[in-house]
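# A closer look at the structure
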Amino acid sequence: MDKWFNNKWFIRGISIVIAVMLYLMVSIDNVNQQPGGIPGITDGHRVLEEVELQVYYNDEDYVVSDAPETVEVNVRGPQNLLTILQFRSPQYEVFIDLRGKEPGEHYERVQHRGFSNDLNISVMPMTVSVTLEEKQTASFPVEIELLNEEEIGADYTIGEPSVDPSSVEVTAAESLINQIAYARTFVDIGGETDTVSESADVVLFDAYGNEVQLETNPSEVDVEIPINSTPRKEVPVNIGGEGTLPNGSAVASIEASPETVTLFGPSSVLNGISSIDDLSIDLSDITEDTSIELDVPVPEGVERVEPETITVDVQIEEEETRTFGNFPFEIIGLEEGKEVELVAPENTYFDLQVLGAPSILRNLGRDDIDAFIDLEGLDEGEHEVPLVLNGPRNLRFNQSLNEVQVIVYDEEEEEIQSSSVEESTEPEDEVTEPEDEEESSEAETEEEMEEEMEEEIEEQPEDEEEAEETEEEDTTSSIHRTPHWI
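Going along each chain's sequence as written, the residues are numbered from 1 onward. Side-chain atom pairs in this predicted model are given and counted only at pLDDT of 80 or more, local residue features only at pLDDT of at least 70, and totals for whole chains, interfaces and linings cover all residues. With hydrogens and water set aside, each side-chain value is computed from the structure's full complement of heavy atoms.

Looking at an unreviewed UniProt entry, the protein carries the name YbbR-like domain-containing protein, with the source organism given as Alteribacter keqinensis.

### Digging into the environment of P246
Mapped onto the elements of the fold, P246 is located in the loop between β18 (232-242) and β19 (249-257). Sequence separation between P246 and L283 is 37 residues, and the spatial gap between their C-alpha atoms is 8.6 Å. Should any heavy atoms of two residues lie within 4.5 Å, those residues are considered in contact. Not counting residues up to four positions away in its chain, the partners in contact with P246 are L283, I286 and T287. Under the DSSP-based scheme used, a helix requires at least four consecutive residues in state H or I and a strand at least two consecutive residues in state E, with every element numbered from the N terminus.

### Structural notes on unusual backbone geometry
Here the amide bond leading from D164 into P165 is cis, since omega sits at -5 degrees, within 30 degrees of zero. Assignment of secondary structure puts P165 in the loop between β10 (162-164) and β11 (167-173). With omega at 0 degrees, the peptide bond leading from S257 into P258 counts as cis. Counting through the fold element by element, P258 comes out in the loop between β19 and β20 (260-264). Not every positive phi belongs to a glycine, and N148 is a case in point at roughly 60 degrees. Phi angles above zero are rare outside glycine, and N326 is one such case at about 50 degrees. Mapped onto the elements of the fold, N326 is located in strand β25 (residues 320-328). Judged by its relative accessible area of 32%, N326 falls in the partly exposed class. Buried residues are those whose accessible area, probed at 1.4 Å on protein chains only, stays under 20% of the maximum for their type, while exposed residues exceed 50% and partly exposed ones sit between those limits.

### Remarks on the pattern of salt bridges
We define a salt bridge as a side-chain nitrogen of Lys or Arg found within 4 Å of a carboxyl oxygen belonging to Asp or Glu. Throughout the structure, instances matching the rule amount to eight salt bridges. Between K101 and E108 there is a salt bridge, with its nearest N and O atoms 3.5 Å apart. Taking relative accessible area as the criterion, K101 reaches 32% and is therefore assigned partly exposed. Overall, E108 belongs to the buried group, its relative accessible area being 13%.

### Things to note about the nonpolar core
When a protein is soluble and globular, its nonpolar side chains tend to lie buried together. The nonpolar core is taken to be a set of buried Ala, Val, Leu, Ile, Met, Phe, Trp, Tyr and Cys residues, with the residues joined through side-chain atoms within 4.5 Å. Judged by nonpolar contacts, the single largest core of 26 residues is most densely connected at F329, F350, L352, V354, I369, I373 and V406. For this core, the secondary-structure elements that each account for two or more residues are β19, β25, β28 (349-356), α6 (358-361), β29 (370-374) and β33 (403-410). Excluding residues within four positions of it along the chain, F350 makes contact with F324, G325, N326, F327, P328, F329, A371, L387, L389, Q399, S400 and L401. Listed in part, the 24 residues of the second largest apolar core include L263, L270, I281 and V314.

### Remarks on the packing of aromatic side chains
Any Phe, Tyr or Trp ring, taking Trp's six-membered ring, that has another such ring centre within 6.5 Å forms a pair; planes under 30 degrees apart are called stacked, those over 60 apart edge-to-face, and the others tilted. For the structure shown, the criterion picks out seven aromatic pairs. When the centroid spacing of 5.8 Å and the interplanar angle of 65 degrees are considered together, the rings of F327 and F350 count as edge-to-face. One end of the pair, F327, is in strand β25; the other, F350, is in strand β28, and 23 residues separate them in sequence. The residues F327 and F350 share a single accessibility class, namely buried. Following the ring pairs from residue to residue traces out a cluster consisting of F324, F327, F329 and F350. Geometry around F95 places R113 over its ring, the cationic atom sitting 4.1 Å from the centre. Whether a charge lies above a ring is judged from NZ of Lys or CZ of Arg, which has to be within 6 Å of the ring centre and within 35 degrees of the ring normal. When the ring centre of F264 is taken as reference, the NZ or CZ atom of R304 above it lies at 3.9 Å.

### Side note on the sheet that holds strand β7 (residues 120-124)
Strand order in the open sheet made by the five strands is β6-β4-β1-β3-β7, with mixed pairing throughout. The open sheet has two edge strands, β6 (111-113) and β7, and neither has a second partner. In this sheet, adjacent strand axes meet at a mean angle of 35 degrees when their direction is disregarded. In this scheme, strands are said to pair when DSSP sees at least two bridges between them. Here strand β4 (residues 93-97) pairs with β6 via three bridges, running antiparallel. By the bridge assignment, E93 is partnered in β6 with R113. Only the contacting stretch of a helix is used when fitting its axis, a line to C-alpha atoms as for every element, and angles between N-to-C directions run 0 to 180 degrees.

### What about the pairing of strand β8 (residues 127-147)?
Two faces belong to every sheet, and in a regular strand the side chains alternate between them. As judged from the four bridges shared by strand β2 (residues 62-65) and β8, these two strands associate in the antiparallel manner. Residue pairing for β8: Y62 is matched across the bridge by E134. Pairing of strand β5 (residues 104-109) with β8 involves six bridges; the strand directions are antiparallel. Bridging across to β8, Y107 finds its partner in S129. Pairing analysis gives seven bridges linking β8 to β11, with the strands arranged antiparallel. Pairing of Q136 across the sheet is with A172, part of β11.

### Let's talk about the sheet that holds strand β22 (residues 290-295)
As a general point, the strands of a sheet are linked pairwise by backbone hydrogen bonds and lie either parallel or antiparallel. Spatial ordering of the open sheet is given by β19-β24-β22, a layout of three strands whose pairing is antiparallel. What marks the edges here is a single partner per strand, and that holds for β19 and β22. For this sheet the average axis-to-axis angle between neighbouring strands, irrespective of direction, equals 25 degrees. As judged from the six bridges shared by β22 and strand β24 (residues 309-318), these two strands associate in the antiparallel manner. Bridge pairing in β24 links D295 to T309.

### Some words on the environment of V305
By the element assignment, V305 lies in strand β23 (residues 304-306). Relative accessible area serves as the criterion here: at 3%, V305 is assigned to the buried category. Among all residues touching V305, those that are not within four sequence positions of it are V261, T262, L263, V296, P297, V298 and P299.

Listed below in structure tokens is the structure:
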């Protein structure tokens, strides 16, 4: 006997027998305490988190809101079943059933199916509150927001974007649709130099700019953003003067640097612009040569102007006077079939003084100045018509004549009246020879008058120095100084 206990294999066999007996004793107690259990397997507990909650309802007419997306499921039962539940794909389902329910708020008990009958199932929460609302469809126009627009080069312009379709539909509960303020799609055009065409997602937003998580139909739209090379046009800049220089000073020149600017904008607008004329400087504060910086105005319809500013150089000289005697003026605008008679003066000549910078007067000739009276639209009768003078810029005019008194009459009526007078004064026994003598006398008188007029024209000063001397001798205090800035 002692020999067996000294044998290690005997001891190992006795240990195995005792272990089996103990296992059988424990298993029998578990079977007695847990009816329906499988002998030899202990119970356990599992928590299934974020189990999807299925909602069954009439989805053709209604939508569900406020329902929880997931619930928690507690499972108790045999360990082997819990192990199978853990590693096998789910065969169970947790749900609420709203089929046959009317619109409104409902409190529903969460149900389950697909679990083994040997498992004890509890769901948290046991009941949930859901709202069943009638389905509605609304349409929203799609807005386009351009990203990185500032990265488009200065030589390119962005045209009018287009989107197809121009609106999307949203189907949801009325309460959710009322939250939608606008639908928008986003397109990145940074660095683009040609038209951008792409499909973009549509996103819904509420009035506070928060995204509304609802689907749109369609979910994408086709967007096209034209990017074109900007039309341009180079035009001159004309600088005008306001106010008057101090006495004794005259403007020799007003020059802009640069003399031209470049306009950018639609061709239809640029075609109607030939120059920039809305620039002027105040001469009343200028006493010497100066430079002034001016902002270039952007004409209506033009996108931008380059450069945005220009420098204006003003040259000032001491004012001098140049006189033109017997300066002629023209008569324009007389309607066909009418004649005009000059009353005061009786001829088309007047004395003209031009004041300005010596550098301008030195090269000034009679052909550089236009003088005229405009008779357009005048009816028959006596009229006082202003004398208009046009000439180079930065000059002033003092003239002995400001208005011309004329008589406008109908040529045909005058001929009829003259014929009537001649017939009424004709004697009955008129002698032919005296009439011939009178006509000869009238012809001689007309020839003498023409010769006198030619002599007057020949006696006019042949050069400008003689004209100045003549003007200095004949100039009186009656000359009316009316400055005209050209």
